[in-house]
Amino acid sequence: MFKLFTLLLFTTLYVNGQTKFTSSKSGYSFVFPEGWYKKEKIYNPDVEAKIIDGKGNSFVVTVMPNPTPEFKTASQMMKGLTNQELKEQFDGLHGETTILKRGVVYLDGVEFYYIFMYTPFEGRLKLLHKQYAAIYKNKIISIDACAIETFIDETTPVFALMLNTFRFN
């Protein structure tokens, strides 16, 4: 109960000095707090939003065409994959991956499948990825809220703000 109260308090404190990001291309928006900013140079054309804090933490939204139109939800795409299969896929991209949690959450009434995992970072540090994926209007919307493990307490309320204000227009 105390953690929930603390999270709500921090989220409320972040309301002051916030900025709204709106995607004119894919029709979604979200709010991010002061101290975080939109990265202007993005080299991957599928990345529509990259919000960073200058410390290595980021909130990235990627939008791609859905290559498998037979799947109507991200859960349908993911339900057959085991944690071990996911780990092997992510190990190929990131190195030694630890899958922490998987499940479903709804953002603005749209089903998002999530995977929380640790991947290697510099030295002995790890990155916590809170990845969310949805199929919306035959596109795959992917969100990667990524924090260096030493900043998790600081980034948790920020990511909660961005996710809680994520809206489809």
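Residues numbered from 1 in each chain as written. Predicted model: local features only at pLDDT ≥ 70, side-chain atom pairs only at ≥ 80, totals over all residues. Heavy atoms only, no water.

1. Topic: unusual backbone geometry
The residue Lys-137 is not glycine, and still its phi comes out positive at about 50 degrees. If you trace the backbone, Lys-137 turns up in the loop between strand E8 (126-136) and strand E9 (139-148). Even without being a glycine, Asn-138 presents a positive backbone phi close to 60 degrees. Given the relative accessible area of 45%, Asn-138 is considered partly exposed. (Helix = DSSP H or I, 4+ residues; strand = E, 2+ residues; numbered from the N terminus. Buried < 20%, exposed > 50% of the residue type's maximum accessible area, 1.4 Å probe, protein only.)

2. Some points on helix H3 (residues 83-94)
Taking 1.5 Å of rise per residue, twelve residues should cover 16 Å, and H3 covers 15 Å from first to last C-alpha, within 8% of that figure. Turning to H3, its buried residues number three or more, namely Leu-86, Lys-87 and Phe-90. For H3, the angular spread of buried residues about the axis comes to 100 degrees, placing them on one side. (Expected span 1.5 Å × (residues − 1). Arc of directions from axis to C-beta.)

3. Examining the pattern of salt bridges
Tallying each qualifying case throughout the model produces four salt bridges. Linking Lys-55 and Glu-154 is a salt bridge whose minimum nitrogen-to-oxygen distance equals 2.6 Å. Taken together, the residues Lys-55 in the loop between strand E4 (47-52) and strand E5 (58-65) and Glu-154 in helix H4 (residues 152-164) connect sequence positions 99 residues apart. (Salt bridge = Lys/Arg side-chain N within 4 Å of Asp/Glu carboxyl O.)

4. A short note on the nonpolar core
In terms of nonpolar packing, the biggest core is built from 30 residues, with Phe-30, Phe-59, Val-61 and Phe-112 touching the most fellow members. Residue assignment for this core shows that the elements contributing at least two residues are strand E2 (28-32), E4, E5, strand E7 (110-120), E8, E9 and H4. Here this core takes five residues from H4, the largest share from any one element. Those residues within four positions of Phe-30 in sequence are excluded, and the remaining contacts are Thr-19, Lys-20, Phe-21, Ala-49, Ile-51, Phe-59, Val-61, Met-162, Thr-165 and Phe-166. (Core = buried A, V, L, I, M, F, W, Y, C linked by side-chain atoms within 4.5 Å. Contact = heavy atoms within 4.5 Å.)

5. Focus on the sheet that holds strand E10 (residues 167-168)
Consider a sheet: its strands pair through backbone hydrogen bonds, and that pairing is either parallel or antiparallel. Reading across the sheet, the three strands line up as E1-E2-E10 and stay open at both edges, with antiparallel pairing between neighbours. Each edge of the sheet is formed by a strand with only one pairing partner; in this case those strands are strand E1 (19-23) and E10. With two bridges joining them, E2 and E10 adopt antiparallel strand pairing. Residue pairing for E10: Tyr-28 is matched across the bridge by Phe-168. Lying on the sheet, H4 is in contact with E2 and E10; it crosses E2 at an angle near 150 degrees. (Pairing = 2+ DSSP bridges. Axes fitted to C-alpha atoms, helices over the stretch in contact; angles between N-to-C directions.)

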